[in-house]
Amino acid sequence: AFCFSRGSERVERWMLEHARFGPMVRDWRERRAVPRRAKQLATLMMALGCTWSWWLLPVPWCWLPAALCVAVATWMWRLPDALPREVP
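This section reports on the structure supplied with the text.

### Here's the deal with the side chain of Ser53
Stage number 1. Along the chain, Ser53 turns up in helix 4 (residues 36-56).
Stage number 2. The exposure class assigned to Ser53 is buried, which follows from its relative accessible area of 10%.
Stage number 3. At 2.9 Å, the side chain of Ser53 and the backbone oxygen of Cys50 are in polar contact.
Stage number 4. What Ser53 contacts, discounting residues up to four positions off in sequence, is Cys62 and Pro65.

Here is the structure:
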């Protein structure tokens, strides 16, 4: 959304008015809030990615993705939760 807002007003407007993405982008811009479900999904995907990288990377490097994901997850979970929205 940040890149589109700098590059194309038309795409920014489309994103802000989008039924699925618009509320999340507006919540982020207004309150830096992230929906709890998005936090849960992001944490799950980071855990899966870290597990996968643990098996594929050599020993000195296999812990680096996990350390970075822990830092990102900690930052993300400290953000306020977006207010729940009713699905039409």
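### Topic: the packing of helix 2 (residues 9-17) against helix 3 (residues 22-31)
Stage number 1. One way to put it is that helix 2 packs onto helix 3 with a least axis distance of 6 Å and a crossing angle of 100 degrees. Relative to helix 3, the element helix 2 lies roughly perpendicular. Taken together, the residues of helix 3 that come into contact with helix 2 (itself represented by Glu12, Met15, Leu16 and Glu17) are Gly22, Val25, Arg26 and Arg29.
Stage number 2. A per-class count over the contact of helix 2 with helix 3 returns three nonpolar, one polar and four charged.

Calculation criteria
Residue numbering note: each chain is counted from 1, following its sequence as written. Per-residue local features of the predicted model are confined to residues with pLDDT of at least 70, and side-chain atom pairs are confined, for both listing and counting, to 80 or more; whole-chain, interface and lining totals are unaffected and use all residues. For the side-chain quantities, the full set of heavy atoms in the structure was used; hydrogens and water were omitted. Secondary structure follows DSSP: runs of H or I at least 4 residues long count as helices, runs of E at least 2 residues long count as strands, and numbering of each begins at the N terminus. Relative accessibility thresholds used throughout: buried, under 20% of the residue-type maximum; exposed, over 50%; partly exposed, between the two (1.4 Å probe, protein chains only). Under the rule applied, a polar contact is a pair of N or O atoms within 3.5 Å (in protein, one hydrogen donor and one hydrogen acceptor; residues adjacent in sequence only if both atoms are side-chain atoms). Contact between two residues is taken to exist if any of their heavy atoms lie within 4.5 Å; hydrogens are not considered. Think of each axis as a best-fit line through the C-alpha atoms, taken over the contacting stretch in the case of a helix, with angles from 0 to 180 degrees between the N-to-C directions. When an angle is under 35 degrees it counts as roughly parallel; over 145 it counts as roughly antiparallel; between 65 and 115 it counts as roughly perpendicular; any other value is oblique. Gly counts as polar in this scheme, as do all residues outside two lists: the nonpolar Ala, Val, Leu, Ile, Met, Phe, Trp, Tyr, Cys and Pro, and the charged Asp, Glu, Lys and Arg.

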